[in-house]
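The primary structure of each chain is shown beneath.
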Amino acid sequence: MSATVARPATVRTGTGRTRRKAGAGLGLVAWLAGIVFFLPIAWMALTSFHSEQDAATNPPSFAASLTLDGYREFFGAGGGASPWPALANSAVASIASTLLVLVLALPAAYALSIRPVKKWTDVLFFFLSTKMLPVVAGLLPIYLFAKNTGLLDNIWLLVVLYTSMNLPIAVWMMQSFLAEVPVAIIEAARVDGARLPTILARVVAPIALPGIAATSLICFIFSWNELLFARVLTGVVAETAPVFLTGFITSQGLFLAKVCAASLVISLPVLAAGFAAQDKLVQGLSLGAVK
């Protein structure tokens, strides 16, 4: 009898050890993956503090002297163009388009989740199918439209384009977030006389705030990093930060340190936004994963 009782305890002990070993192994794999993804960023940051001659050496020199020449040239200390107009254009295009996406995506997601329309799954698939078209395929028609309407080198054209590009993925994400909002709360607000704009602003938005934060951060990153349309449709007035960055790449001379310095500075707003909203981002991306 005693042997029969001891056997399950041994099994449970072995199972616990196995789970701990599996958890430690997964943790080690996660740390290794994080280091692998972080190494290019660390290498870019280190190269940005080297001179152009040291940055171009092969194999690279880890003990090379550090300098701020790359950052000085990026900010126009050597007589070059100032990056501030390009950074301001990227900020305007990214923030304005993200706000427009949220204003349009919230009612659409509400209609597809809390007050579902007929065949709402087909509607979601249609939204996602618009992302399957290669961006290059629509570049020429959009360029001709902008040229004929006088919208070339106009920052507000980029705002409209970024809004239309990010709206499908925003509706798809927010639909899954809003599906977790309790319908009873919305029904209670409707009984109290609240209209749809009030329900969206004061009931749905606060509950789904983590999902909204995650959606807005992703839309902001996509808009900030977009290069193809900005490169083709802008010139001097509406030039964005990624387009300004490509100006450091030339066919003659050394430019690696300057490009690394510019890349690091241009990446800072995205990194800062992600760090500031990391708690909301994690909550939003995991919303609905655990019931």
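Structure shown above.
Residues numbered from 1 in each chain as written. Predicted model: local features only at pLDDT ≥ 70, side-chain atom pairs only at ≥ 80, totals over all residues. Heavy atoms only, no water.

### Quick notes on the overall build of the protein
- Scanning the protein for helices and strands turns up 14 helices and zero strands.
- Secondary structure elements in the protein, listed N-terminal to C-terminal, are α-α-α-α-α-α-α-α-α-α-α-α-α-α.
- Out of the 291 residues belonging to the protein, those deemed buried represent 34%.
- Look at the contacts in the protein between residues 6 or more apart in sequence, and 76% of them connect residues 24 or more apart.
- On the protein, roughly 17400 Å² of surface is accessible, and the fraction owed to carbon and sulfur atoms is 70%. (Helix = DSSP H or I, 4+ residues; strand = E, 2+ residues; numbered from the N terminus. Buried < 20%, exposed > 50% of the residue type's maximum accessible area, 1.4 Å probe, protein only. Contact = heavy atoms within 4.5 Å. Areas by Shrake-Rupley, 256 points an atom, 1.4 Å probe, with all protein chains shown as cover.)

### Details of a nonpolar patch on the surface
- A contiguous nonpolar patch, built from Leu28, Trp31, Leu32, Ile35 and Leu39 and spanning about 580 Å² of accessible area, is present on the exposed surface.
- Locating leucine 28 in the fold gives a position in helix H1 (residues 2-48).
- When its relative accessible area of 53% is taken as the criterion, leucine 28 is described as exposed. (Patch = residues over 30% accessible without salt bridge, like charges linked within 9 Å, V, L, I, M, F, W, Y side chains within 5 Å. Salt bridge = Lys/Arg side-chain N within 4 Å of Asp/Glu carboxyl O.)

### What to know about the packing of aromatic side chains
- Under the criterion given, the structure shown has seven aromatic pairs.
- With a centroid separation of 5.1 Å and an interplanar angle of 40 degrees, the aromatic rings of phenylalanine 49 and tyrosine 71 are classed as tilted. On the criterion of sequence distance, the pair formed by phenylalanine 49 in the loop between H1 and helix H2 (52-55) and tyrosine 71 in helix H3 (residues 69-74) is long-range, its members being 22 residues apart.
- With a relative accessible area of 31%, phenylalanine 49 lands in the partly exposed category.
- You can call tyrosine 71 buried: its relative accessible area is 13%.
- Here the aromatic rings of phenylalanine 244 and phenylalanine 248 are separated by 5.5 Å at their centres, their planes lie at 85 degrees, and the arrangement is edge-to-face. (Phe/Tyr/Trp six-rings, centres within 6.5 Å; stacked < 30°, edge-to-face > 60°.)

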